[in-house]
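Understanding the architecture of this molecule
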Amino acid sequence: MDTRPVPRGLLPCLTFAALGGSFVAALGTPLIPTIAQDRHVSFDVAQWNLTIALLVGAVMTPLISRWGDGGRRRRVLIAVLVITIVGALTAATAATFTQLLVGRAMQGAGYAIAPVAIGIAREYLSGPRLHRAVASLAVT
């Protein structure tokens, strides 16, 4: 059992990060009709806005989770947050539909935030605090 002190604000920070990743990943759903109209693409093509984020998330989540094993969790979480934020900025400032898809693909890495955050919680917490933390992170 690791006896390291729990960093102050650990759970709120991890929860905020996981919520941010979840929010960004799911953001595209209500925007599909608007994207289709604004980008002059069909509704089917506009749905790639969601599909590409899901595909990248499905591929990258196990990889990022594995990279976050051991002592690298904090660095991996920060890197994934940066990639997700850069993806959000890329998508928000997209001049073309292709640029929008690239941004959304980068945002797909955000799906890995919750598993890495759970790993960090397991590193510092134990007992009932750990169970509550994992439950709140899983809900996000």
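Just so we're clear, the structure is a prediction, and the values are computed from it rather than from any experiment.

**Points about the overall build of the protein chain**
Scanning the protein chain from terminus to terminus reveals eight helices and zero strands. Each of the three principal axes of the protein chain carries a C-alpha extent, and together these read 55 × 25 × 20 Å. Here the protein chain, with 140 residues, has 37% of them falling under the buried criterion. Taking the contacts inside the protein chain whose residues are at least 6 apart along the sequence as the reference set, 65% of them involve residues at least 24 apart.

**A short note on the layout of surface pockets**
By volume, the largest pocket amounts to about 290 Å³. Lining the largest pocket are 15 residues; nearest its centre among them are L10, L14, R74, L77 and I120. The set of elements that each furnish at least two residues to the lining of the largest pocket consists of α1 (10-26), α5 (73-92) and α7 (113-124). In terms of residue count, α5 provides more of the lining of the largest pocket than any other element does, five residues in total.

**Considerations on the nonpolar core**
The tendency in soluble globular proteins is for nonpolar side chains to be buried as a group. Ranked by size, the top nonpolar core spans 20 residues in total, and within it L14, I64 and A121 carry the most contacts. When contributions to this core are tallied by element, the ones reaching two or more residues are α1, α5, α7 and α8 (127-139). Discounting chain neighbours no more than four positions away, the residues touching I64 are V76, V80, A109, A112 and V116. Of all hydrophobic cores here, the second largest spans ten residues; its members include I35, A91, A94 and L101.

**As for the packing of helix α4 (residues 48-67) against helix α6 (residues 97-107)**
Angle between the axes and distance between the axes: these two values describe a pair of packed helices. The N-to-C vectors of α4 and α6 enclose an angle of 35°; their axes lie 7 Å apart at closest approach. In this structure, α4 crosses over α6, and the sense of that crossing is right-handed. On α6, the residues touching W48, N49, L50, I52, A53 and V56 of α4 are L100, L101, R104 and A105. The residue makeup of the contact of α4 with α6, split by class, is eight nonpolar, one polar and one charged.

**Notes on a nonpolar patch on the surface**
Together, F23, L27 and L31 make up an exposed nonpolar region whose accessible area comes to about 270 Å². Assignment of secondary structure puts L27 in the loop between α1 and α2 (32-38). Residue L27 is classed as partly exposed on the basis of its relative accessible area of 34%.

**So, the environment of I32**
Tracing the chain through its elements places I32 in helix α2. The class of I32 is buried, set by a relative accessible area of 4%. Separated by 55 residues in the primary sequence, I32 and G87 place their C-alpha atoms 17 Å from one another. With sequence-adjacent residues up to four places away left out, I32 is seen in contact with F43, A46, Q47 and L50.

Conventions we followed
Residues numbered from 1 in each chain as written. Predicted model: local features only at pLDDT ≥ 70, side-chain atom pairs only at ≥ 80, totals over all residues. Heavy atoms only, no water. Helix = DSSP H or I, 4+ residues; strand = E, 2+ residues; numbered from the N terminus. Buried < 20%, exposed > 50% of the residue type's maximum accessible area, 1.4 Å probe, protein only. Contact = heavy atoms within 4.5 Å. 1 Å grid on protein atoms, 1.4 Å probe; cavity = no way out; pocket = protein on both sides within 12 Å on 5 of 7 lines; lining within 4 Å. Points joined across faces, edges and corners; volume = space filled by probe spheres on them. Core = buried A, V, L, I, M, F, W, Y, C linked by side-chain atoms within 4.5 Å. Axes fitted to C-alpha atoms, helices over the stretch in contact; angles between N-to-C directions. Left-handed = near helix turned anticlockwise from the far one by under 90°. Nonpolar A, V, L, I, M, F, W, Y, C, P; charged D, E, K, R; others polar. Patch = residues over 30% accessible without salt bridge, like charges linked within 9 Å, V, L, I, M, F, W, Y side chains within 5 Å. Areas by Shrake-Rupley, 256 points an atom, 1.4 Å probe, with all protein chains shown as cover. Salt bridge = Lys/Arg side-chain N within 4 Å of Asp/Glu carboxyl O.

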